[in-house]
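One letter stands for each residue in the lines below.
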Amino acid sequence: MTSSNEFYSKLPVLDSFFDISDLDNYSKIPEDWYIGITDIVNSSLAIDNQKYKWVNILGASPIIGLMNEGDKPDLPFSFGGDGCTICFPPEYLDTITRVFKASKKIGITAYQMELRTSIIPVSFIRKNGFDIKVARFKASEFYSQAVFTGGGINFAEDILKSDNHIIFKVSDSLDKDSDVDFSGLECRWQEVKRKEMSVYSILIQANPTLKNQENIYDSILKKMREYFGFDNNTNPISVESLHMTLSPEKLSGEFRFRTIGMNWLHRIAYKIEVTVRTLLGMYFMKFNKETSETDWKLYKPDMVANNDHRKFDDMIRLVISCPDKEIEKFQDFLDGLYIQKKVAYGIHKSDSALITCMVFAWQKQHIHFVDGNNGGYVQASKPLKQRMKDILEN
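**Student:** How do you make sense of the nonpolar core when you look at a structure like this?
**Tutor:** Proteins that are soluble and globular tend to have nonpolar side chains buried together. By size, the foremost hydrophobic cluster in this structure holds 96 residues, and its most contacted members are Ile220, Met224 and Phe330. Looking at which element gives the most residues to this core, the answer is helix α2 (residues 52-67), with ten residues. Counting residues in each nonpolar core, the second largest holds 25 residues, with Leu242, Met285, Tyr377 and Met388 among its members.

This is the structure we're talking about:
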């Protein structure tokens, strides 16, 4: 019998993103597990002040803080732009609490941003009529991505942003965070643009009061495939569009986060190290070099494969590149579902995508979180929430 802490790693893997609407592909999160969930307070204000890279780095930081623990625990997680969701067994409760506290402390000190955090028992979510089920989607040969259904993720997010948050809130006490390792959290790439295409951040959520929501999502997935083809056509990241940056402004998010607590000498040393590593990376990738541990001609293709530009956590989340006319057709289809009170959605258009990286090794073992520029998911959430409010109140 599979133990609780081996639950996720033993799940079968879905080969196609378009299988996420089939409920038979999901398994219940064990009853004794928890969900850790975060988001940044007033992230819209930070985005209005052009700090969207900072928002993404802070939002992703708990994931890499956890992944750097011991032998890189294989646990289900999802990145949401200004926060993240992690499900975990009870033996990781102290670890997650410590990681959340460290991210919160650095968020305040480095960015003057408050990371709101809650840890909620899965049993509590089920007692309130919701569930959390998970499946593993094979995004690439080296990256399996968690997908969630059951309504529990959305319920947990509602708790996080409500007065009940205080019951499950992670303490604000500024514990020492020196034992939390955020190494590998990087943001060293220019904004990614694909020729003659815009980048769209899209959120689509079925009306939670309806039964058979899986049928609604299935119809949406079929239209996505019909209009966009997907993956090769819509992935906002391409080998040709990837360029590293030496801009101090664009590197400032990583620099501020990773050097908190260092003296001025170590901060200068870190900045020099990042500059040298970036220059070497540019050289190795341009000339397809091989080093003892890395075949650098594969690094960019692996970035294209190992990213999360499409995902599902009680709603469809997409960051895609496509011509405007294709989005217009898709939006007409979504408007039809919205008029029928079946779905709410939000779409944010930008000229490029942002990448926040988790790099464990340069050969294959790196994962890349994608968001639309100028606030992508956060901006798309505004019309989504308004449409959902209109559906539920009218």
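**Student:** What am I meant to see in the state of the cysteines here?
**Tutor:** In a disulfide, the sulfur atoms of two cysteines are held together by a covalent bond. A complete count under the given rule lists zero disulfides for this structure. No disulfide involves Cys84; its nearest neighbouring cysteine sulfur is the one of Cys87, lying 11 Å away. For Cys84, a relative accessible area of 2% corresponds to the buried category.

**Student:** Which parts of the structure should I look at to understand a negative patch on the surface?
**Tutor:** A grouping of Asp15, Asp19, Asp22 and Asp24 is seen on the molecular surface, where their side chains present a negatively charged patch. As for its position among the elements, Asp19 is in the loop between β1 (13-14) and β2 (27-28). Given a relative accessible area of 33%, Asp19 falls into the partly exposed group.

**Student:** Before we go on, may I ask you to explain the packing of helix α3 (residues 93-111) against helix α8 (residues 248-258) in this structure?
**Tutor:** Think of two packed helices as two axes; the pair is described by the angle between the axes and how far apart they sit. Closest axis-to-axis distance for the α3/α8 pair is 9 Å, and the angle between their directions is 120 degrees. Considering the angle they form, α3 stands oblique to α8. Handedness of the crossing formed by α3 with α8: right-handed. Residues Ile106, Ala110 and Tyr111 of α3 touch α8, and the partners they reach there are Gly253, Glu254, Arg256 and Phe257.

The rules behind each value
Residues numbered from 1 in each chain as written. Predicted model: local features only at pLDDT ≥ 70, side-chain atom pairs only at ≥ 80, totals over all residues. Heavy atoms only, no water. Core = buried A, V, L, I, M, F, W, Y, C linked by side-chain atoms within 4.5 Å. Buried < 20%, exposed > 50% of the residue type's maximum accessible area, 1.4 Å probe, protein only. Helix = DSSP H or I, 4+ residues; strand = E, 2+ residues; numbered from the N terminus. Disulfide = S-S within 2.5 Å. Patch = residues over 30% accessible without salt bridge, like charges linked within 9 Å, V, L, I, M, F, W, Y side chains within 5 Å. Areas by Shrake-Rupley, 256 points an atom, 1.4 Å probe, with all protein chains shown as cover. Salt bridge = Lys/Arg side-chain N within 4 Å of Asp/Glu carboxyl O. Lys, Arg positive; Asp, Glu negative; His and termini not counted. Charge placed at Lys NZ, Arg CZ, Asp CG, Glu CD. Axes fitted to C-alpha atoms, helices over the stretch in contact; angles between N-to-C directions. Parallel < 35°, antiparallel > 145°, perpendicular 65-115°, else oblique. Left-handed = near helix turned anticlockwise from the far one by under 90°. Contact = heavy atoms within 4.5 Å.

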